[in-house]
Amino acid sequence: MSITKEKKQALIKDFKINEKDTGSSVVQIAILTERINNLTEHFKTNKKDNASKMGLTKMVNNRKKLLSYLKRTNPKSYEETIKKLNIRK
């Protein structure tokens, strides 16, 4: 369900804005998207895992907040991010 350290580092490397960037909104959105995708795969086999569903809902809401912040502050980066991560608006 969780992402590996190597996968997280790869996501940071792909989405970082500068050399020391590890926590910008774009990087956070990419990491949350990966975690959400992993949980949706988990729910295909574990339909009654309600505790994880609650966590998934929190992650989706957090990503939604970050996306709205990014859209408000940097619309160009927002468009690039949703295309790169293949998520809908």
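Residues numbered from 1 in each chain as written. Predicted model: local features only at pLDDT ≥ 70, side-chain atom pairs only at ≥ 80, totals over all residues. Heavy atoms only, no water.

Chemist: Got a sec to walk through the packing of aromatic side chains? Specific residues and values, please.
Modeler: One pass over the full model with this rule turns up 0 aromatic pairs. Between Lys84 and the ring centre of Phe15, over which it is positioned, the NZ or CZ distance is 4.7 Å. (Phe/Tyr/Trp six-rings, centres within 6.5 Å; stacked < 30°, edge-to-face > 60°. Lys NZ or Arg CZ within 6 Å of the ring centre and 35° of its normal.)

Chemist: Can you explain the packing of helix H2 (residues 25-45) against helix H4 (residues 75-85)? Please cite residues and give values.
Modeler: For the pair H2 and H4, the least separation of the axes is 11 Å and the interaxial angle reads 20°. Between H2 and H4, the angle falls in the class roughly parallel. With respect to the hand of their crossing, H2 and H4 are arranged in right-handed fashion. In contact with Val26, Ile29, Ala30 and Thr33 of H2, H4 contributes Ser77, Thr81 and Leu85. Taken together, the residues that form the contact of H2 with H4 break down as 4 nonpolar, 3 polar and no charged. (Axes fitted to C-alpha atoms, helices over the stretch in contact; angles between N-to-C directions. Helix = DSSP H or I, 4+ residues; strand = E, 2+ residues; numbered from the N terminus. Parallel < 35°, antiparallel > 145°, perpendicular 65-115°, else oblique. Left-handed = near helix turned anticlockwise from the far one by under 90°. Contact = heavy atoms within 4.5 Å. Nonpolar A, V, L, I, M, F, W, Y, C, P; charged D, E, K, R; others polar.)

Chemist: Quick rundown of the environment of Leu67? Include the residues and the values.
Modeler: With respect to the helices and strands, the residue Leu67 is situated in helix H3 (residues 50-73). When the C-alpha positions of Leu67 and Ile29 are compared, they lie 7.3 Å apart, and in sequence the two are 38 residues distant. Ignoring anything within four residues of it in the chain, the contact list for Leu67 reads Ile29, Tyr78, Ile82 and Ile87.

Chemist: Give me the environment of Asp21: which residues, what numbers.
Modeler: Here Asp21 is to be found in the loop between helix H1 (5-15) and H2. Of the residues examined, Asp21 reaches a relative accessible area of 10% and is grouped as buried. Between the C-alpha atoms of Asp21 and Lys7, which are 14 residues apart in sequence, the distance is 16 Å. Residue contacts for Asp21: discarding those within four places in its chain leaves Ile12, Phe15, Lys16 and Val27. In this structure the side chain of Asp21 is engaged in a polar contact, spanning 2.9 Å, whose partner is the side chain of Ser24. (Buried < 20%, exposed > 50% of the residue type's maximum accessible area, 1.4 Å probe, protein only. Polar contact = N/O pair within 3.5 Å; in protein donor to acceptor, adjacent residues only side chain to side chain.)

Chemist: Explain the packing of H3 against H4 residue by residue, including any values.
Modeler: As a packed pair, H3 and H4 sit with axes 5 Å apart at the nearest point and diverge in direction by 135°. Relative to H4, the element H3 is oriented oblique. Counted together, Leu67, Leu70, Lys71 and Thr73 of H3 and Pro75, Ser77, Tyr78, Thr81 and Ile82 of H4 form the full contact between these two elements. Looking at the contact of H3 with H4, its residues break down into 5 nonpolar, 3 polar and 1 charged.

Chemist: Could you give me a rundown of the pattern of salt bridges, with the residues and numbers involved?
Modeler: Considering all chains together, one arrives at 3 salt bridges under this definition. Across the pair Glu19 and Lys16 runs a salt bridge whose closest N-O atoms are separated by 3.5 Å. A relative accessible area of 66% places Glu19 in the exposed class. Residue classification places Lys16 among the partly exposed positions, given a relative accessible area of 30%. Here Lys44 makes a salt bridge to Glu41, at a shortest N to O gap of 3.2 Å. Linking Lys44 with Glu41, this pair stays in helix H2, spanning 3 residues, or about one helical turn. (Salt bridge = Lys/Arg side-chain N within 4 Å of Asp/Glu carboxyl O.)

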